[in-house]
Structures are given as C-alpha cells and as structure tokens.
Amino acid sequence: MGERYPHMFLILLLFHGAHAALKDPVQKWQTLGGQRPLVIARGGFSGLFPDSSQFSYQFAMSSSLHDVVLYCDLQLSSDGLGFCKTGLTLENSTLIAEAFPKRAKTYKVNGEEIHGWFALDFTADELYQNVTLIQDIFSRPSTFDGAMGMFTLEDLVGLKPPHLWVNVEYALFLQEHKLSAEDYILGLPKDFSVAYISSPEIGFLKNVGAKLKKSNTKLIFRFLREDVAEHTTKKTYGEILKDLKSVKAFASGILVPKEYIWPLGKDQYLRLPTSLVKDAHALGLEVFASGFANDVSMSYNYSFDPSAEYLQYIGNANFSVDGVITDFPPTASGAVACLANTKGNPLPPPGGDGGRPLIITHNGASGVYPGSTDLAYQQAVKDGADIIDCAVRMSKDGVAFCQPSADLSTSTTASTSFMTKISTVSEIQNKSGIFSFDLTWSEIQTLKPDLLGPYTQAGLKRNPAAKNAGKFVTLPEFLDLAKATNVSGIMVEMEHASFLAKRGLGLVDAVSGALANASYDKEGGHLPELMVVSDDTSVLAAFKKFPAFRRVLMVDETISDASAPSVEEIKQFATAVTVGRGSIAQVNGFFLTRFTDVADRMHAANLTVYVGVLRNEFMNLGFDYWADPIIEIATYAFHVMADGLITDIFVYKLSQSLK
C-alpha cells in the first residue's frame, strides 16, 4: 500500500503533530463536558475501504486522532455470532449473492417487506469462509473489493481500538427470529470495553440499561427520520424530539441526522440552526451527529469543502456537538485538531525556509461567484488571498477586461443573446464558441456572468444562488481594485496575443498601457507586486523592459519531465512557471502513481513554481486525497514544496490549512 499512497508518511506526520498539539491546554469547547468533539468512524474508514472491513478499521486508527471511536453496526449470524456490517441486507456490500445465489429471502421488517440476503440466515462459519466485502458506493474505489472477509466484533476488539461504539439497529427484528442482541452484548467478556451502545429502539436501550447500571458504557438513543414511528412507544421520532426529557430517563445522549441540527432547505442552502444541541445539553444529554461524508452532495454553503461542514457543527459561535459520525475520519480529525477555532488568526508570511506557499486565485474566488467578476475578487480578498489574477480578454473595439475564457459562452449568458455570433476558431479551441473579440464592449455589457463549475453536468453545481451575480471588470478597474486592497500581488495573464494581433487587437499594448496608467511600471512605492503571465515567450519578452514586473511562463500542456535545455530556455524569458497538477502528480485509475521531478528541476534552476488549478469538488480529486481538498493542498505545499497554489476554492480555508 505504500506505493499506492506516496504521501502517506507526510499525512501521518501531520496528524502526529496534531496529536502533540492537543496535549497542550486549549480553549474550552462548547460540548456538554467542555472536551473536544469525538471523531467516530462509521465502519472504519468506509469512504475508502469496504465498510466494516479489517483495512477500514485499521486505517481509521492510523490516519485519525489518537482517540478515534470505531463504530460497528451489529449483525448476528444464525448461531449468534456478532459481525460488523452496515445495512440489514448484505448483497450490496458483499459478494454473498455470488457465494449463495439461492439463499435470498423476504422478511417483513418494521412493516415493510424487504428482499435480500440476511446475516441471520447464515452460520458464522458460512459468512466467515465464503463471504467477502465490496464497496457499496459506486463513486468510491473498488480496488479492495473481494480482498477481505467479514469482520466480527471480536475481530474488531482484537485491534485494540481507543474506543468502541456498537449500534444495534434492528433488535426487535432479531428478537422475532430468536436472536438477542441484548444477550449477545451482555455475554461479551469483561475485557470487551464498549464505550457506547446506540439504538433507535427505546425498549432495547431500557432493557440493556437495566443490566449495565454499574458499567461505564454510555447508552445513546438514535433518532431516525422525524416521520418514522419508534416501535416501543409508537410515537414518531419527531414527537419524541419534542420531549427530550423523557430520553434522559434511559440514555445519556442522542444520535441524530445532521439535518436535525442544521436544516437544509429544498434549495440545498442551510437554514437557521435548531436549538436541539443547546436543549439537549441543558438536560445533560450528549449530542452526536451522523451523515458526514466527503463525497456526497452537501449544502452549497460549504462550496464542496467537507471541513467547512464539520466546522459548522463543532466550531460555530453558539454550540458544538459532542461527536460526529463520519465515513472519512481523517478529514474530521483535521477539522477538530487543526482548523477549529482558527478563524481570524494571523497567518505566517509566505515564502522562505519552511514558509507557506502563496495563495493565488483562479479568476478570483470563482468557486463562490462567477469568475473574474467584482464579487469574485472581493470575496477572494476577504478570504485572504495573497495574489489575485486577471485573465485579460479583448473586445472587438479594443477594451481589455478580465474573463475566464475568450469563449464567452462558457462563462456568460452569451449563448442566449448572441447565437448568431457563434463560430469556430481553431487557434483558440477545437469546439465552436462565442468569442469576446467578436463582440463590442457595449454588447458584452448587456450580458450577465454565468457561474458554471467544471462538474455542473455531473450534478455538482456551484452556489446557484449567485449564478448570474456580479459585474464584469475591465483591466483598469481590476488594477484599481488591487491597489485598494491588502493583497501582496496580482497576476495579469495574456493568451492568444498573436491571433488577436491579426484581428487588429494589440493585447500587449493594451496591457502595457493600462499598467503604465496605473503606475505599475514604476519601481518602489506601495503597489502590489505584479506578475505578467503568458504561454507565449514573445509576450514575456515584450515585458523585459519593465524590470519591476515578474515574468511567468504558463505551461499549459501536461509534462512529466523538465530537461536541462528546456529549463535554461525558460530562464531566458521567465523567472517563474505555472504548471498543472498533472505535471506534478501522475494519476492512473484515480490513484496517484508517482510524483514527477518537474518541480525539483525547476527549483534547481532557481525558477519559482506555481501549481494549479486546485478545486474542492470530490470528483476532481484522486482517491489518495480521500475526497478531501485539504489533503491535496498539504501534498503540494509540504511534499512538492510548491511556491504558490492556484485555486478557485475558499482561499481562507486553504490558508488556514497551511499554518
């Protein structure tokens, strides 16, 4: 596994540092007892490995906080042995249907008929010897499918986890088939230290609690959907929620879906939080939230940053849950140990020995607002970007303005207004488009910006409430905006200069004139540092006469090597390069295979290296990054030692992760 996870040592080292930091006195948390929230690994690290497998549990312990809680959904075989497996039926998460194709059955469970393969229809030996585990969520890696067998609760205890949580979801169903989860748990050897037992069935918890009075085991009442009826009381969970005092009589805490605390509207934006956590804490009940995963659709408020979601539950100003149940325990661990209670903290300066990389925007905060608009730049500055960027485009009548692409159909509403202007320009791109140089500035101003993320068609939309928000920004306006902020630098990017010259549009002259008018050509003063960026060496050569400008070569194509002659040629025109992620980390089948030596060779020649574009969407991330954009950030920052990271994600969160 070491070759498949080339940066694993780095990540474990970071968490070792987090463990050490947690030994120091810290700010009191707003949990019930003032302790930091627990990270509870559902089925282990089930976001990567098959749920409740040996690797899943082992990896959860090695990659998470030292006191991680391992969560086991209890199943019983026909002869009463306890297995860990989420879900009542086994066919979606194991290969049991291949091993026993004729053993499926139909049972009535909670009034509903369910067909499938049930653990209680098989002996422990049949399950142990014949059934292997698979990943039951198709977007997750199938690499480990069929490699591991089912895992018993005894097996899990043998790993000596810091804490163990046993969830009994279907106690009544088991009882109907002459199997007792209660007797099984009470019959466990005394050295089986179960810290938490949870269930959605009040009767089960009351029966177990009556026999565990002298135990340190905490009983947790698990809430299901508010409209579902609980078996013992026949009340809905919504009704029980309104009478938390009654829960205190048989449980020390509650486990609720995360939406019970931060409700989601139909538009997938957060509503105001409920008073559930404060109400429960006032009664002496701990509150645990479930449903956390990095690779599922989440509220647009988080911009696909799973750490931001954890912080909403543990790091807001009003309350903190006592623990989170997650498929990705390393991300939750990082949120607790490294990111919580850091907002507003000063950052170390970038650069230098051990310094953090520069944080460079990609069309401003284009993960939040349409790229290159005034709102995108304002958000980037607010979030703490070091350098903001403007990709300069030209209108038909020679106005230079900032825009993600020369093809306006990809970033504006041009397709609804100027379909007659559609054309194919092979020098720009292979597909047809509506290009800025075919529209006058007055025509462009009739359009609206359009926020289209790279994975919109796959259902991962970016902030739809701001889909057409913001105003277009001319290059002079961008330069003035930068002067009025505290950013340390700006990037001015130029593409297609030779093509534009054939159309009578002087891109270099337009940029040079705007920079001179804004006094950026003068050395000294308090202006932000200026970087001129281009994929055209002749464009960079044209700016040699401005010694105050830093020239950066944009390497568009993916490269796997940087030969000495090519590096020396770059040095004639530039002092820095921007390279894509694929030129640094090679991926095969969504797993990293190796890091190239491109960055090392550039650094050896005293060339600065900026890497991008970094994005939050989990579909953008190799499995090695665990669907966590901060793991990718840490990789480029501390393993590759990139001098700057180009990103369109929340740059504040990125900067805090680099502290």
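Predicted, not measured: the structure shown is a model, and the values here were computed from it.

This part is about the state of the cysteines. As enumerated under the stated definition, the model contains two disulfides in all. Between the sulfur atoms of Cys 390 and its disulfide partner Cys 402 the distance amounts to 2.0 Å. Judged by the sign of its S-S torsion, about -105°, the bond between Cys 390 and Cys 402 is left-handed. Of this pair, Cys 390 sits in strand β14 (residues 387-394) while Cys 402 sits in strand β15 (residues 400-402); the two residues are 12 residues apart in sequence, bridging distant segments of the chain. There is no split in this pair, since Cys 390 and Cys 402 are both buried. When the bonded cysteines of the protein are counted from the start of the sequence, the pairing works out to 1-2, 3-4.

Let us look at the domain arrangement of the protein. As far as domains go, the protein holds domain 1 (38-340) and domain 2 (358-407 + 472-658). For domain 1 versus domain 2, the separation of C-alpha centres amounts to 44 Å. On the side of domain 2, 16 residues touch domain 1, which itself brings 24 residues to the contact. Buried surface at the junction of domain 1 and domain 2, summed over both partners, amounts to about 1500 Å²; 69% is from carbon and sulfur atoms. Along the contact surface separating domain 1 from domain 2 lie zero salt bridges. Those elements giving two or more residues to the side of domain 1 that touches domain 2 turn out to be α2 (54-63), α12 (306-314) and α13 (329-339). Ranked by residue count, the leading element in the side of domain 1 that touches domain 2 is α12, at four residues. Per-class residue counts for the side of domain 1 that touches domain 2 are 13 nonpolar, eight polar and three charged.

For the protein, per-residue confidence averages 91 on the pLDDT scale, and residues scoring 70 or more make up 93% of the total. Contacts for the low-pLDDT stretch residues 1-25, under 50 throughout, to residues beyond four places or in other chains number 45 contacts.

A separate point is the pairing of strand β8 (residues 196-199). Consecutive residues of a regular strand have side chains that alternate between opposite faces of the sheet. Neither face of β8 is open: one carries Tyr 196 and Ser 198, the other Ile 197 and Ser 199, and all of them are buried. Taken together, the three bridges between strand β7 (residues 163-167) and β8 define a ladder with parallel strand orientation. Across the sheet, Trp 165 pairs through a bridge with Tyr 196, a residue of β8. For β8 and strand β9 (residues 218-222), the ladder comprises four bridges, and the chain directions are parallel.

Turning to unusual backbone geometry, a few remarks are in order. The step from Gly 612 to Val 613 runs through a cis peptide bond, and the omega angle for that step is 5°. Mapped onto the fold, Val 613 is located in strand β23 (residues 608-614). Within the chain, Asn 606 stands out as a residue other than glycine whose phi angle is a positive 65°.

The UniProt record annotates "domain: GP-PDE" (unreviewed entry) at residues 37-336 and 357-657. Taken end to end, residues 37-336 is 28% helix and 19% strand, and its first and last C-alpha atoms sit 7 Å apart.

Let us look at the nonpolar core. Core analysis: the biggest nonpolar cluster contains 165 residues, and Ile 261 and Ile 388 have the highest contact counts within it. Residue-level mapping places this core at the junction of two domains, with at least three residues from each of domain 1 (38-340) and domain 2 (358-407 + 472-658). In this structure Ile 261 touches Val 256, Pro 273, Thr 274, Leu 276, Val 277, Val 287, Ala 289, Tyr 313, Phe 319 and Val 321, once residues within four positions along its chain are discounted.

Buried within helix α19 (residues 507-517) are the following residues: Leu 507, Val 508, Val 511, Ser 512, Ala 514 and Leu 515. Seen from one end, α19 has its buried residues packed into an arc of 165°, which puts them on one side. α19 presents Asp 509 and Asn 517 as exposed residues on the side facing more than 90 degrees away from its buried surface. Directly after α19, the chain includes Ser 519, whose backbone phi takes a positive value near 70°.

Here Ser 405 shows up in the loop between β15 and α15 (414-417). For Ser 405, a relative accessible area of 18% puts it in the buried group. Only 3.0 Å separates the side chain of Ser 405 from the backbone nitrogen of Asp 407, close enough to count as a polar contact. Apart from the residues within four sequence positions on either side, Ser 405 is in contact with Arg 393, Thr 410 and Ser 411.

Each value, and the rule that gives it
- Residues numbered from 1 in each chain as written.
- Predicted model: local features only at pLDDT ≥ 70, side-chain atom pairs only at ≥ 80, totals over all residues.
- Heavy atoms only, no water.
- Disulfide = S-S within 2.5 Å.
- Helix = DSSP H or I, 4+ residues; strand = E, 2+ residues; numbered from the N terminus.
- Buried < 20%, exposed > 50% of the residue type's maximum accessible area, 1.4 Å probe, protein only.
- Domains from an automatic or database assignment.
- Contact = heavy atoms within 4.5 Å.
- Buried area = accessible area lost by both parts, 1.4 Å probe.
- Salt bridge = Lys/Arg side-chain N within 4 Å of Asp/Glu carboxyl O.
- Nonpolar A, V, L, I, M, F, W, Y, C, P; charged D, E, K, R; others polar.
- pLDDT = per-residue confidence, 0-100.
- Pairing = 2+ DSSP bridges.
- UniProt positions renumbered as here; feature names shortened; annotations may be inferred.
- Core = buried A, V, L, I, M, F, W, Y, C linked by side-chain atoms within 4.5 Å.
- Arc of directions from axis to C-beta.
- Polar contact = N/O pair within 3.5 Å; in protein donor to acceptor, adjacent residues only side chain to side chain.

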